Amino acid sequence: MTAWWIALQFLTRLPVTLADMPQPQQVGRSLLFYPLVGLLIGALLYVELLFTATAPTLLQAALVLATWIALTGALHIDGLADSADAWVGGLGDKERTLRIMKDPASGPVAVVTLILLMLVKFSALVAILEAGDVIWLILVPWVARVALPLLFLTTPYTREGGLGTLLTEHMPRKQLRLVLLMHGVAMLLTGLAGLVVLLTAGIVFGYLRLLMLKRLGGCTGDTAGALVEITECIVLVSLALTLG
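Calculation rules
- Residues numbered from 1 in each chain as written.
- Predicted model: local features only at pLDDT ≥ 70, side-chain atom pairs only at ≥ 80, totals over all residues.
- Heavy atoms only, no water.
- Helix = DSSP H or I, 4+ residues; strand = E, 2+ residues; numbered from the N terminus.
- Contact = heavy atoms within 4.5 Å.
- Phe/Tyr/Trp six-rings, centres within 6.5 Å; stacked < 30°, edge-to-face > 60°.
- Buried < 20%, exposed > 50% of the residue type's maximum accessible area, 1.4 Å probe, protein only.
- Lys NZ or Arg CZ within 6 Å of the ring centre and 35° of its normal.
- UniProt positions renumbered as here; feature names shortened; annotations may be inferred.

## Examining the environment of Thr67
Then step 1. With respect to the helices and strands, the residue Thr67 is situated in helix α4 (residues 57-72).
Then step 2. On a C-alpha basis, the gap between Thr67 and Leu125 in space is 13 Å, while along the polypeptide they are 58 residues apart.
Then step 3. Excluding residues that lie within four positions of it along the chain, Thr67 makes contacts with Leu45 and Glu48.

If you want it as structure tokens, here you go:
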């Protein structure tokens, strides 16, 4: 179960402590549990919705969004900010893009991108809450954490060293394909909402992966984080439009 705790520690800010430094193989195997971590995040958000059911809709949406960010420690938001700055400032050049991506400072493009993302997420949450179908919120972080290991499975990692290299070099590819397929089938079994979520996430994944390949020849940790955030945002919008 070490791989599960590695995934939970990395993707959330839940109080998880590993007994020992994980082995590279355990880090690679942690990808198998990323979708389950997403499902857990969705379940926790749903429980919060139940406990705040009597709150005004706008306040409830704000609380859920704040909890969402707190649970993940803004990990993927940071990746989106770095990617946004690099994509605009990189001017189409791979090395320039990678160099800007490593800069910890956030420029105006990153700030505007994050503001717009949060505004759209908040508005979509309000629409879903008003529709009364809050159970489907569970699907959003779930499908985004399916997209994350799928990216590492299908896309070259362009930076040497770090966690991304460990993940791509030591992932159990056959098992991971089976696990991702099982989660996809499980989402389809939820009905129309699951179908909408999978189709939307698939389109977003294909488009963003194409952009990464054209610009960088692969992915980085930052672009993986951007994938998670953009997937969550667009899937939320698609659910709001479907359920509304």
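That shown, we press on.
## As for the packing of aromatic side chains
Then step 1. The full count for this structure, using the stated rule, is three aromatic pairs.
Then step 2. Where Trp4 meets Phe33, the ring centres are 6.2 Å apart and the plane angle is 70°; that geometry is what we call edge-to-face. Of this pair, Trp4 sits in helix α1 (residues 2-11) while Phe33 sits in the loop between α2 (24-29) and α3 (34-51); the two residues are 29 residues apart in sequence, bridging distant segments of the chain. With respect to class, Trp4 is no different from Phe33; both count as buried.
Then step 3. Ring geometry for Phe152 versus Tyr157: centroids 6.2 Å apart, planes at 50°, classification tilted.
Then step 4. Cluster of aromatic residues (ring-pair linked, three or more members): Trp4, Trp5 and Phe33.
Then step 5. The ring of Trp68 is capped by Lys121, whose NZ or CZ atom sits 4.7 Å from the centre of that ring.

## Comments concerning the UniProt feature "transmembrane region" (unreviewed entry) in the protein
Then step 1. Here the UniProt feature "transmembrane region" (unreviewed entry) sits at residues 29-51, 58-77, 109-129, 136-158 and 178-208.
Then step 2. In the segment residues 58-77, helix accounts for 90% and strand for 0%; the C-alpha atoms at its two ends are 22 Å apart.
Then step 3. Helix makes up 90% of residues 178-208 and strand 0%, and the two end C-alpha atoms of the span are 23 Å apart.

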